Amino acid sequence: MTYDPDALRQMNEEAQLRISELSVALAHVTEQRDNLEDSLTAAIRETDAAKAQVAALTATVERLRLHIQQGVEL
């Protein structure tokens, strides 16, 4: 079996170009993933802070209800 050196060279160049394109695409996808992970982490922190604030406010409301039930002047 004989191979055409020019055809093989052309196939190699096309493969190298495709590999280069895929490497660039992978870098973009990786960057997007990292950005989304950072955004998710920030959103989770904000959600946790909001939950803590809601818990604190709920406790305050419950204390106020108890004081009102007991007739304590505010």
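In every chain, residue numbers begin from 1 and rise along the written sequence. Predicted model: local features are reported for residues with pLDDT of at least 70 only, side-chain atom pairs are reported and counted for 80 or more only, and whole-chain, interface and lining totals are derived from all residues. Based on all heavy atoms of the structure, the side-chain values leave hydrogens and waters out of the count.

Help me understand the overall build of the protein chain in this model?
Segments assigned H or I by DSSP are reported as helices when at least four residues long, segments assigned E as strands when at least two residues long, and all are numbered from the N terminus. Looking only at helices and strands, one finds one helix and zero strands in the protein chain. Here the protein chain has a C-alpha radius of gyration of 31 Å; the compact-globule value for 74 residues is 11 Å, and the former is much larger. Categorising residues by exposure relies on relative accessible area from a 1.4 Å probe, with only protein chains included: less than 20% of the type maximum marks a residue as buried, more than 50% marks it as exposed, and the intermediate range marks it as partly exposed. Here the protein chain, with 74 residues, has 0% of them falling under the buried criterion. Of the accessible surface of the protein chain, which amounts to about 6800 Å², a share of 60% is contributed by carbon and sulfur atoms. With C-alpha atoms as the basis for the radius of gyration, the globule rule is written as 2.2 Å multiplied by the number of residues raised to the power 0.38. Exposure was quantified through the Shrake-Rupley algorithm and a 1.4 Å probe, taking into account, for residues, occlusion by the shown protein chains and nothing else.

What am I meant to see in the pattern of salt bridges here?
Just to be clear on terms, a salt bridge is a Lys or Arg side-chain nitrogen sitting within 4 Å of an Asp or Glu carboxyl oxygen. Per the counting criterion, the structure on display carries five salt bridges. Among the ionic pairs, R18 bridges to E21, the shortest N-O distance being 3.5 Å. Within this pair, R18 and its partner E21 are both found in helix α1 (residues 5–70), separated by three residues, close to a single helical turn. Overall, the relative accessible area of 48% leaves R18 in the partly exposed class.

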